[in-house]
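Fold and geometry: a report
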Amino acid sequence: SGILNGDTVVQWIERAAEVIGENEKTLTELDAAIGDSDHGANMARGFSAVRGKLAEHSRDDVGAILKTVGMTLLSTVGGASGPLYGTLFLEAAKVTAGKPEIDRATILQSLAAGLAGIQKRGKAEPLDKTLVDALGPAIRAFEGAEGVSLAEALSQAAEAARQGAEATIPLVARKGRASYLGERSAGHQDPGATSMWLLLQSLAEAAAE
Ligand code: ADP
Ligand code: MG
Ligand code: MG
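Predicted, not measured: the structure shown is a model, and the values here were computed from it.

Digging into the overall build of the protein chain
- Counting secondary structure elements, the protein chain contains nine helices and two strands.
- If you list the helices and strands of the protein chain from N to C, you get β-α-α-α-α-α-β-α-α-α-α.
- A compact globule built from 209 residues would reach a C-alpha radius of gyration of about 17 Å, and the protein chain, at 16 Å, matches this within 12%.
- Overall, the C-alpha framework of the protein chain stretches about 45 × 35 × 30 Å when taken along its three principal axes.
- Across the 209 residues that make up the protein chain, the buried fraction comes to 51%.

Digging into the UniProt feature "domain: DhaL" (unreviewed entry) in the protein chain
- When the UniProt feature table is mapped onto this chain numbering, "domain: DhaL" (unreviewed entry) sits at residues 7-205.
- Note that residues 7-205 is 69% helix and 2% strand, and that its end C-alpha atoms are spaced 13 Å apart.

Concerning the environment of G6
- Its place among the elements puts G6 in helix α1 (residues 6-22).
- Residue G6 is classed as buried on the basis of its C-beta count, with 23 C-beta atoms lying within 10 Å.
- Taking C-alpha positions, G6 is 8.8 Å from I102, a pair spaced 96 residues apart along the chain.
- Beyond its immediate stretch of four places on either side in the chain, G6 contacts R59, D60, D61, V62, I65 and P100.

Observations concerning the nonpolar core
- The biggest cluster of nonpolar side chains holds 60 residues, and the ones touching the most others in it are A138, A157, A161 and L200.
- With ten residues, the single largest contributor to this core is helix α9 (residues 191-208).
- Excluding its chain neighbours within four sequence positions, the residues that come into contact with L200 are A138, A157, A158 and A161.

Describing the packing of α1 against helix α3 (residues 39-54)
- Interaxial distance between α1 and α3 falls to 9 Å at its minimum, and their mutual angle equals 150°. In this structure, α1 meets α3 at a crossing whose hand is left-handed. Taken together, the residues of α3 that come into contact with α1 (itself represented by V10, I13, E14, A16, A17, I20 and G21) are M43, A44, F47, S48, V50, R51 and L54.
- The class makeup of the residues in the contact of α1 with α3 is ten nonpolar, two polar and two charged.

Topic: the site of ligand 1
- Lining the immediate environment of ligand 1, one finds 24 residues, of which G79, G122, T130, G176 and G192 sit closest.
- Of all the elements in the fold, those that place two or more residues in the shell around ligand 1 are α3, α5 (81-96), α6 (104-122) and α9.
- Looking at the shell around ligand 1 element by element, the count peaks at three residues for α9.

A short note on α6
- Its 19 residues place the ends of α6 27 Å apart at the C-alpha level, agreeing with the 27 Å of an ideal helix rising 1.5 Å per residue.
- Those residues of α6 not exposed but buried are I107, S110, L111, G114, L115, G117, I118 and G122. On an axial view of α6, the arc spanned by its buried residues comes to 160°, and they lie on one face. Residues of α6 that are exposed and point more than 90 degrees away from the buried face comprise A105 and K120.
- Against the buried residues of α6 lie β1 (3-5), α5, β2 (101-103) and α7 (132-144).
- Positive phi shows up at K123, right after α6, with a value of about 60°.

Things to note about the packing of α7 against helix α8 (residues 150-166)
- Where α7 meets α8, the closest approach of the two axes is 7 Å, and the angle between their N-to-C directions is 150°. Note on packing geometry: the crossing formed by α7 with α8 is right-handed. The residues of α8 that touch α7, namely those facing D133, A134, L135, G136, P137, A138, R140, A141 and F142, are A153, L154, Q156, A157, A158, A160, A161, Q163, G164 and A165.
- Considered class by class, the residues forming the contact of α7 with α8 number 13 nonpolar, four polar and two charged.

What counts, and where the lines are drawn
Residues numbered from 1 in each chain as written. Chains lettered and ligands numbered in written order. Predicted model: local features only at pLDDT ≥ 70, side-chain atom pairs only at ≥ 80, totals over all residues. Helix = DSSP H or I, 4+ residues; strand = E, 2+ residues; numbered from the N terminus. Rg over C-alpha atoms; globule rule 2.2 N^0.38 Å. Buried ≥ 20, exposed ≤ 12 C-beta atoms within 10 Å, placed from the backbone. UniProt positions renumbered as here; feature names shortened; annotations may be inferred. Contact = placed C-beta atoms within 7 Å. Core = buried A, V, L, I, M, F, W, Y, C linked by C-beta atoms within 7 Å. Axes fitted to C-alpha atoms, helices over the stretch in contact; angles between N-to-C directions. Left-handed = near helix turned anticlockwise from the far one by under 90°. Nonpolar A, V, L, I, M, F, W, Y, C, P; charged D, E, K, R; others polar. Near = placed C-beta within 6 Å. Expected span 1.5 Å × (residues − 1). Arc of directions from axis to C-beta.

Below you can see the structure in the form of structure tokens.
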């Protein structure tokens, strides 16, 4: 169908918690190369807390679900990524407040508001080697995916996020801890862009069910 309801949104986050748990070691290894080796643990801790919070959560208001996700990530992930992922969900929660289900236009608006919030907070521009480099291309792909189902459009968005994360490899980091390395940050994939890809891949999978 062309909409997402509260059940699907919860399934998305549960899947994300699973996938991030499975990839915790990979995310930590990426952060070991250009950061402080905690991105896997940060994200796994946050999404495991979120999963607990959603288990008994009502499903009739997408905005309320996303708000719980954002608040929980904000208070449990820590580091640079916690406030940024928190902002993504809290901005999306504002767009979806009171809505039992969300259509494609609202999903686009939510993602765009999330990206704007992340950039306002973290000041990262495209190609600064951050999670913006996965989310930005994903949003453009989602917006450009015409004449396909919602699930397919989200799958194209996730693929763009994957490519965006991979394209951070040659970049020199200009934000966050990795920027302290200067030129030595080149040659490694950004951990946050990678977790953002996993999050969007989980969304595409939940929408396809
Ligand atoms: P920390 O760097 O504090 O240990 P994490 O390891 O959890 O936090 O997260 C690191 C990730 O956060 C980076 O890989 C990058 O994608 C993202 N990041 C860091 N600073 C910014 C920023 N200013 N804007 C956007 N993303 C950022
Ligand atoms: Mg780190
Ligand atoms: Mg840290």
